[in-house]
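Coordinates in review
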Amino acid sequence: MTERLITVDEVAEMLGFTTQGVYSLVFKKKIPAVKISKRALRFRPSDIEAWLQEKTQQPVQAAISQQPARKSPGRPRKNGTVRNDYVNHIIESAKKEVLNV
């Protein structure tokens, strides 16, 4: 006989997440789920156990290094200076181009 599928609430309780957190993982395709209909998600307990086992074997540093780098150079400070030297370099080179043309 096939195993009983569990709901989002049951997975959230099992993992210690909120239901929104589980939906977020499903949306990002980071957790295995079965889409029953347009509005119904279910999970196989064996898939969740295998996913957890895979996550516990993965080193913490590898999980952190997979996060994308921040793309924004930073927010300007109140006094008008910028936190990042790269932005200052871009501004200075743009000024040189405009003044030399």
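The following refers to the structure shown. (Residues numbered from 1 in each chain as written. Predicted model: local features only at pLDDT ≥ 70, side-chain atom pairs only at ≥ 80, totals over all residues. Heavy atoms only, no water.)

This part takes up the environment of Glu10. Examined against the element boundaries, Glu10 turns out to sit in helix H1 (residues 8–15). Sequence separation of Glu10 and Pro45 is 35 residues, and the distance between their C-alpha atoms is 10.0 Å. (Helix = DSSP H or I, 4+ residues; strand = E, 2+ residues; numbered from the N terminus.)

Let us now look at the nonpolar core. Considering soluble globular proteins, one finds that nonpolar side chains tend to be buried as a cluster. Counting residues in hydrophobic clusters, the biggest one holds 13 residues, and the most contacted among them are Val11, Val22, Val26, Ile31 and Phe43. Elements that contribute at least two residues to this core include exactly H1, helix H2 (19–27) and helix H3 (45–57). The element that contributes the greatest number of residues to this core is H1, accounting for four residues. (Core = buried A, V, L, I, M, F, W, Y, C linked by side-chain atoms within 4.5 Å. Buried < 20%, exposed > 50% of the residue type's maximum accessible area, 1.4 Å probe, protein only.)

Before going further, it helps to examine the pattern of salt bridges. Taken as a whole and assessed by the stated rule, the structure comprises three salt bridges. Between Arg44 and Asp47 there is a salt bridge; the shortest N-O distance is 3.4 Å. With a closest N to O distance of 3.9 Å, Lys95 and Glu92 form a salt bridge. Remark: Glu92 and Lys95 occur in helix H5 (residues 85–100); sequence separation between them is three residues, near one turn of the helix. Judged by its relative accessible area of 46%, Lys95 falls in the partly exposed class. (Salt bridge = Lys/Arg side-chain N within 4 Å of Asp/Glu carboxyl O.)

Don't take any of this as a statement about function, it's just geometry.
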